[in-house]
Amino acid sequence: MPTDFPLSWKITALVCGVMLSWGSSFSESTLGPLKKTLIKKLDITNAQYGAISSATSLVNTVLPIVGGYALDYYGVEWGSLACSVFIFLGAVVSAAGSNQDSFGLVMGGRIIMGFGSTVIETCTSKILAHWFQHRGLGLVYGLDISIGKLIVLMARATAVPMRDATEFWGWALWIPAIVCFVNLLQNIFYVWWAWSRPEWAQIPTGQKLSREQQQNDGLRAGNDQATAISTKSVHRTTVLPDWRNLLRVPRFFWLVVCTQILQAGTVGGFNGLSADIITLTRGSTEQLAGYTSAVQQVIPVVAAPFVGMFFDLVGFRMMFVSLTSAIWILVYCLIGYTETNALGSMVIASVAQTMNALPFLASIPLMVPSQVELGLVFGIWKSFNNSGSVVVDMIAGRLQDITPGGTYERVIAFFVAVKAIEFCLGLFYGVLDRRYLSGILTMSEKKRLVAEQNGSLPEPIGRRPSKVFTRVGFTLACSLIITAWVLFILYSI
Ligand SMILES: *[C@@H]1O[C@H](CO)[C@@H](O)[C@H](O)[C@H]1NC(C)=O
């Protein structure tokens, strides 16, 4: 068991890790408030504008897995540099589009940026998990979510002032590009810092491990000639990653990710539709919309670190999955089937929003303790999330179309049903956790560390891979990605 890292290292890693993606989230979030400006200045339609956001979400069905795997293999340092360069280049191309009034450039830049912006989030998760040695991750990941939302808030608030500050509207794209450049410099600092740590403290990579292994094999082979040959072949065979690592993903992770398919999409779908539903059931809500969106974003900023801290100090991560879905069901019913005040419901919704992803994010490093698989599993998680969201959006759209009068009744019923399943799933995970993971998802951080130290925590079955789970998980991932692409091509183009 490696010792704890010094506090100053942890703080440096925390600041650099959490701030890794502020440039990309800032520039991506300025786009929303500029929608009308872009449509006018670039002379495009609403559908063309929609293409900008859809293009990145389709790229993000496959890229997180490949990118996450590359991070595990080549190391987060190279990965975060590559991502920051993509993000900066994308921001510059996008901003150059404002000088030319060219829709193609603006959109092309966004796609280039998309290549970096999701994978860099996985860099953050890996960096935090390593430098905190998988301890106190609830609080740390909670802080990450909180800062991320804060940056989105800032971007939304500053987008229009940046546009109006001078004659030239393009500053609203050039200033984010400058922000991305500063972010790139800061990431170079992190990489310099990480590489100047002693060898034993650095983040292990798949490449290093397989090189060591091959060198050992070579030594074992005995005679000098064999060693010479095998060290030469080492470099050839370790340049490209080995896809068999996919077979090492623990079964408990596959179980959770496969049963969560529709969940993230339901939450996202409701967020996208809620303003529309409120307008339909309660009349115009222009003023309300402003309030709610502000309230909705402030609550997670403040509350996410506390929820995370609760997981570290008390535990009960999977119980929160059930609790959160119960709150979602309440919100959906209030908004969809009653005429009660919408503001109240939206405040409750933002509480659920705070607790939505965190129990899972904080649990993934507990299910998958190995740093060289963490990027891959976070990638799989994101890919399921993104392709599941495309599918749910399409289902919701079809359901509304076949409802007489085009109301949201059946859509809401569908959302409630999905969340009812989630409620049961949360209880089910809790039971499985006690049986197959020795209860580490239910335990507090302290209890787990004590149990680990005195060896009363056997290597749980749930952390071992299983062929059946891998096969089912892999098949599901592929079918979900293909479904997402097919649905997108059929209905959006
Ligand atoms: C799914 O992805 C969205 C967008 O990146 C994110 O806001 C949400 O928290 C994710 N959900 C889960 C359960 O990870």
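The structure under discussion appears in the preceding block.
Nothing here was measured: the structure is a model prediction, and the numbers come from that model. (Residues numbered from 1 in each chain as written. Predicted model: local features only at pLDDT ≥ 70, side-chain atom pairs only at ≥ 80, totals over all residues. Heavy atoms only, no water.)

Trainee: How would you explain the overall build of the protein if you had to name every residue and give the values?
Mentor: Looking only at helices and strands, one finds 21 helices and zero strands in the protein. In summary, the protein has a C-alpha radius of gyration of 23 Å against a globular reference of 23 Å for 493 residues, a match within 12%. With 493 residues in all, the protein has 51% of them scored as buried. Where the 35 positive side-chain charges of the protein centre and where its 28 negative ones centre are 5 Å apart. (Helix = DSSP H or I, 4+ residues; strand = E, 2+ residues; numbered from the N terminus. Rg over C-alpha atoms; globule rule 2.2 N^0.38 Å. Buried < 20%, exposed > 50% of the residue type's maximum accessible area, 1.4 Å probe, protein only. Lys, Arg positive; Asp, Glu negative; His and termini not counted. Charge placed at Lys NZ, Arg CZ, Asp CG, Glu CD.)

Trainee: Tell me what's going on with the packing of aromatic side chains, and back it up with residues and numbers.
Mentor: Any aromatic ring pair is given by two values, namely how distant the centres are and how the planes are angled relative to each other. Applying the stated criterion across every chain yields a total of 23 aromatic pairs. Ring centres of W328 and Y332 lie 5.7 Å apart, and the angle between their planes is 25°; this geometry places the pair in the stacked category. Placement of the pair is W328 and Y332 together in helix 15 (residues 317-337), with a separation of four residues, close to one helical turn. Judged by its relative accessible area of 0%, W328 is buried. Of the residues examined, Y332 reaches a relative accessible area of 0% and is grouped as buried. (Phe/Tyr/Trp six-rings, centres within 6.5 Å; stacked < 30°, edge-to-face > 60°.)

Trainee: Could you give an account of the site of the ligand, naming the residues involved and the relevant values?
Mentor: Around the ligand, the neighbouring residues are A264, A357, W381 and N385. W381 is positioned with one of its side-chain polar atoms (N or O) 3.0 Å from an oxygen atom of the ligand. Within the side chain of N385, an N or O atom sits 2.4 Å from an oxygen atom of the ligand. Residues that form the shell around the ligand fall into these classes: three nonpolar, one polar and no charged. (Near = heavy atom within 4 Å. Polar contact = N/O pair within 3.5 Å; in protein donor to acceptor, adjacent residues only side chain to side chain. Nonpolar A, V, L, I, M, F, W, Y, C, P; charged D, E, K, R; others polar.)

Trainee: I'd love a proper account of the side chain of S94, names of residues and values included.
Mentor: Along the polypeptide, S94 turns up in helix 5 (residues 76-100). Since its relative accessible area comes to 0%, S94 is described here as buried. Other than its neighbours up to four places away in sequence, S94 contacts L105, V106, G109, R110 and L173. (Contact = heavy atoms within 4.5 Å.)

Trainee: I'd love a proper account of the pattern of salt bridges, names of residues and values included.
Mentor: Close approach of charged atoms allows side chains with opposite charge to pair. Inspection of every chain in the model, using the stated rule, returns nine salt bridges. With a closest N to O distance of 3.8 Å, R317 and E445 form a salt bridge. One end of the pair, R317, is in helix 15; the other, E445, is in helix 20 (residues 445-453), and 128 residues separate them in sequence. Summarising the burial analysis for this pair, R317 and E445 share the class buried. (Salt bridge = Lys/Arg side-chain N within 4 Å of Asp/Glu carboxyl O.)

Trainee: Lay out helix 18 (residues 371-402) in plain terms, naming residues and giving numbers.
Mentor: The terminal C-alpha atoms of helix 18 lie 47 Å apart, and with 32 residues this matches the ideal 46 Å at 1.5 Å per residue to within 8%. Of all 32 residues in helix 18, 23 are buried; the element is thus mostly enclosed. (Expected span 1.5 Å × (residues − 1).)

Trainee: Can you lay out the packing of helix 1 (residues 7-18) against helix 9 (residues 171-195) for me, pointing to particular residues and giving the numbers?
Mentor: Relative placement of two packed helices is described by the angle separating their axes and the distance separating the axes. Running from amino to carboxyl end, helix 1 crosses helix 9 at an angle of 150°, the nearest separation of the two axes being 10 Å. With respect to each other, helix 1 and helix 9 are oriented roughly antiparallel. Relative to helix 9, the crossing made by helix 1 is left-handed. Together, W9, T12, A13, V15 and C16 of helix 1 and Q186, F189, Y190 and W193 of helix 9 make up the contact between the two elements. (Axes fitted to C-alpha atoms, helices over the stretch in contact; angles between N-to-C directions. Parallel < 35°, antiparallel > 145°, perpendicular 65-115°, else oblique. Left-handed = near helix turned anticlockwise from the far one by under 90°.)

Trainee: Go over the nonpolar core, please, and point to the residues and values.
Mentor: Counting residues in hydrophobic clusters, the biggest one holds 81 residues, and the most contacted among them are Y141, F253, Y332, I380 and F384. Considering every element that reaches this core, the biggest residue donor is helix 18, with 13 residues. If sequence neighbours within four positions are ignored, Y332 has contacts with T266, V267, F270, Y337, I412, F415, V416 and K419. Core analysis: the next-biggest nonpolar cluster, separate from the first, contains 47 residues, L34, L71, V106 and W193 among them. (Core = buried A, V, L, I, M, F, W, Y, C linked by side-chain atoms within 4.5 Å.)

Trainee: Outline the side chain of T354, listing residues and values.
Mentor: Tracing the backbone through its elements, the reader meets T354 in helix 16 (residues 342-356). Among the polar contacts listed, one links the side chain of T354 to the backbone oxygen of S350, at a separation of 2.7 Å. In this structure, T354 is in contact with I299, P300, A303, A304 and V307, ignoring residues within four places of it in sequence.

Trainee: Please set out helix 16 residue by residue, giving values where relevant.
Mentor: With 15 residues, helix 16 should reach 21 Å at 1.5 Å per residue; the first-to-last C-alpha distance of 20 Å fits that figure. For helix 16, the complete set of buried residues consists of A342, S345, M346, A349, S350, A352, Q353, T354, M355 and N356. Where helix 16 begins, the capping side chain belongs to N341, and its oxygen is found 2.7 Å from the backbone nitrogen of L343.

Trainee: Got a sec to walk through a nonpolar patch on the surface? Specific residues and values, please.
Mentor: Taken together, the side chains of V298, V302, F306, M309, F310, L313, V314, F316 and M319 make up a nonpolar region of the molecular surface, amounting to roughly 810 Å² of accessible area. Of all the elements, helix 14 (residues 286-313) adds the most residues to the nonpolar patch, at six residues. According to the relative accessible area criterion, V302 is partly exposed, its value standing at 49%. (Patch = residues over 30% accessible without salt bridge, like charges linked within 9 Å, V, L, I, M, F, W, Y side chains within 5 Å. Areas by Shrake-Rupley, 256 points an atom, 1.4 Å probe, with all protein chains shown as cover.)

Trainee: So what's going on with unusual backbone geometry? Residues and values would help.
Mentor: Although it is not a glycine, D101 adopts a positive phi angle of roughly 50°. Within the secondary structure layout, D101 lies in the loop between helix 5 and helix 6 (103-117). Accessibility expressed as a relative area gives 41% for D101, which makes it partly exposed. The backbone phi angle of F316 is positive, close to 55°, even though this residue is not glycine. For F316, the position within the fold is in the loop between helix 14 and helix 15. Residue classification places F316 among the partly exposed residues on the basis of a relative accessible area of 30%.

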